[in-house]
Structures are given as structure tokens and as C-alpha cells.
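Residue-level listing of the chains:
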Amino acid sequence: MSRKQFVAGNWKMNLNNASAVKLAEGLVAKLAGNAKVDVAVCPPFPYLAAVGKALAGSKIALGAQDMFYEEDGAYTGEVSAAMLKDVGCTYVILGHSERRHVIGETDELINRKQLKAIAAGLLPIFCVGELLAERQAEETTEVVSRQVRLGLEGVSAADARKVTVAYEPVWAIGTGVVATVQQAQEVHKMIRQLLAEMYDSATAQAMRIQYGGSVKASNAAELLACEDIDGALVGGASLKVDEFAGIIAGAR
Ligand code: PGA
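This part takes up the overall build of the protein chain. Across its full length, the protein chain carries twelve helices and eight strands. In terms of C-alpha radius of gyration, the protein chain reaches 17 Å, essentially the compact-globule figure of 18 Å for 252 residues. Taking the principal axes of its C-alpha atoms as reference, the protein chain extends roughly 45 × 45 × 35 Å. Across the protein chain, contacts joining residues at least 24 apart in sequence account for 73% of those joining residues at least 6 apart.

Written out as C-alpha cells, the structure is:
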């Protein structure tokens, strides 16, 4: 298995200009020697440019937390893929559970964003995951499969390789309740089998699947040791240099 692990920090709606730049500078200093893991941070839109500047010359990539699917025009409050590219983004998070469940994004909307992001040359971090009630009703496979299928509709096998899928059980996000290693690996394996059905086995083997939901330095190593877990999407713990560096140190 030759997938390089990928750890991304989702800063969500946190920090201010000064603290975002300070965090980025701290990560650059701490992670200078890291080469075995791909690393990205996803600050709020207003701080992308300043954080991008702080990351310049480092191996840490810049990502955004969302985007809109239209090219440009009268879409008040929205941000285009081209704008994100322009400001130095490599990655964009799409379909995060907070956007699905707080803002109300649908699979169809996320799919439109996915197609646009890929066409614009951004690498999507495409989030899927079940609610607690869905897990309790044993609907995890059904829910996650639907999200993966609809979110990747119209994406070719060649383009699918540009997508990182992030499996984030909603009940594990920001709750301190991390999925067990078995629960996480089981869903990751299911997603990879589904990708093999949708595309082909080589594509499924090449695609990275991150785990997200209460990942910390203390639990990262056992999660990242799993065969089908290719990295982590980290919220709370990505706001602290030592915690985030500790997660990266736990990668295989
Ligand atoms: P958390 O968030 O690490 O704070 O649980 C993860 C995420 O929402 O991506």
C-alpha cells in the first residue's frame, strides 16, 4: 500500500488574523523536517492570504473550508474556486457535516461543488459520515454509501484520485467521543470497496480516506495504523501546534 498519509487541520470559525498567522508560523517551525506525511491547514476565508504567506516556502499546504460552484457573478457571500486558487489554496473541504447539518447542504449541492473544485484544479477533501441516530439504527453503510455515490456523481476515475474522502462520524465531531479503531476501519474498508465498485480497484487503492472526529495526539497513532485509514481531518486539536504535530508524528 503506497498511499502517503495526509493530515489536514480544519480551523473552522476560530482564531483571528494575528492568532491564525501565529499558529501557521508555529506549525512551519515545528514541522519543517516532516516529509513522510502530506499536511494542510484550512483557515477561515478572511485569513487565507495571511496564513498562505506564513506557510510560503514550507511543505504545509493551504486549504479552504468551503466554496461555491459558480464561476463568478451575483452570489452574495459566496467564494469561488478560482478565488481560492488565486489566494494560494491547494485543497478545499466540501460537505463537512457542519455544512450538511447546520447550514443544510444537500448531496446534490456538494456534488456541484465537487465537480467545480476538480475542474478548477483544487483537491477536494470530501466529507461523509452518519449521525448518531443513523448509526444506532444500523444505517451507517447506507447513509455513507449514498453520500459517497451522490457526492462523486460525474467524477471520472482519473479525477477521483484527486479527491480525499474524509469519513467523519457526526457523533464523534467535537464531542471527545472518538470512533473505536474497529468502527473507523470497518467504515473505511466499506468506502474503499464501494469506490472499487464505482471505479476500479486500482483507483480505490490510490484514493486516500481520512478519518475525522475527535482525533488527538493521544489517539492518532492507533487510528493511523489501520490499513484503510490514510490520514486525519482534525478540528479542535489542529488549533494547537503541539497537538497537531503530535497527530502528524503518529502517522505511519
Ligand atoms: P474535531 O473536528 O476534531 O474537533 O472533532 C473534526 C472535523 O470536524 O473535521
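Turning next to the pattern of salt bridges. A side chain with one charge can pair with a side chain of the opposite charge if their charged atoms come near. For the structure shown, the criterion picks out 18 salt bridges. Between Asp 38 and Arg 208 there is a salt bridge, and its shortest N-O distance comes to 2.8 Å. Placement of Asp 38 in strand S2 (residues 38-42) and of Arg 208 in strand S7 (residues 208-212) is noted, with a sequence separation of 170 residues between them. A salt bridge links Asp 66 to Arg 99; the shortest N-O distance between them is 3.1 Å.

Below, the discussion takes up the state of the cysteines. Counted under the stated rule, the structure contains zero disulfides. In this structure Cys 226 is a free cysteine whose sulfur lies 19 Å from that of Cys 127, the closest cysteine sulfur available.

On to the site of the ligand, then. Of all residues adjacent to the ligand, which total 13 residues, the nearest are Lys 12, His 96, Glu 168, Gly 174 and Ser 214. Within the backbone of Gly 174, an N or O atom sits 2.6 Å from an oxygen atom of the ligand. Protein contact buries 95% of the 280 Å² of open area that the ligand shows by itself. Across the shell around the ligand, the residue classes tally to four nonpolar, seven polar and two charged.

It is worth spelling out the confidence of the model for the protein chain at this point. The pLDDT averaged across the protein chain works out to 97; a share of 100% of its residues lies at or above 70. Mean pLDDT per element in the protein chain: helix H6 (residues 132-136) is the minimum at 95, and strand S4 (residues 91-94) is the maximum at 99.

On to the pairing of strand S3 (residues 60-64). Burial of S3 is extensive: five of the five residues sit out of reach of the surface. Side-chain alternation along S3 places Ile 60, Leu 62 and Ala 64 on one buried face and Ala 61 and Gly 63 on a second face that is also buried. Sheet topology note: the S2/S3 ladder contains three bridges and is parallel. Residue pairing in the sheet places Ala 40 in a bridge with Ala 61 of S3. For the crossover from S2 across helix H2 (residues 48-55) to S3, the handedness is right-handed.

Moving on: the pairing of S7. Look at any regular strand and the pattern is simple: side chains alternate between the two faces of the sheet. Within S7, five of the five residues are buried, which leaves it mostly tucked inside the rest of the structure. As paired elements, strand S6 (residues 164-167) and S7 share four bridges and run parallel to each other. Residue pairing across strands places Val 165 opposite Ile 209, the latter belonging to S7. As defined by bridge partners, S7 adjoins strand S8 (residues 231-234) across two bridges and the pair is classed as parallel. By the bridge assignment for S8, Tyr 211 is matched with Ala 232.

Now for helix H11 (residues 217-224). Note that an α-helix has 3.6 residues per turn; residues three or four places apart therefore point the same way. Asn 219, Ala 220, Leu 223 and Leu 224 are the residues of H11 that are buried. One face of H11 carries all of its buried residues, which in axial projection span an arc of 125°. Counted as exposed and oriented over 90 degrees from the buried face of H11: Ser 218 and Glu 222. Those residues of H11 that are buried are in contact with helix H9 (181-198), S7, S8 and helix H12 (241-249).

Here is what the cut-offs are and how they apply
- Residues numbered from 1 in each chain as written.
- Predicted model: local features only at pLDDT ≥ 70, side-chain atom pairs only at ≥ 80, totals over all residues.
- Heavy atoms only, no water.
- Helix = DSSP H or I, 4+ residues; strand = E, 2+ residues; numbered from the N terminus.
- Rg over C-alpha atoms; globule rule 2.2 N^0.38 Å.
- Contact = heavy atoms within 4.5 Å.
- Salt bridge = Lys/Arg side-chain N within 4 Å of Asp/Glu carboxyl O.
- Disulfide = S-S within 2.5 Å.
- Near = heavy atom within 4 Å.
- Polar contact = N/O pair within 3.5 Å; in protein donor to acceptor, adjacent residues only side chain to side chain.
- Areas by Shrake-Rupley, 256 points an atom, 1.4 Å probe, with all protein chains shown as cover.
- Nonpolar A, V, L, I, M, F, W, Y, C, P; charged D, E, K, R; others polar.
- pLDDT = per-residue confidence, 0-100.
- Buried < 20%, exposed > 50% of the residue type's maximum accessible area, 1.4 Å probe, protein only.
- Pairing = 2+ DSSP bridges.
- Right-handed = clockwise from strand over helix to strand, strands pointing away.
- Arc of directions from axis to C-beta.

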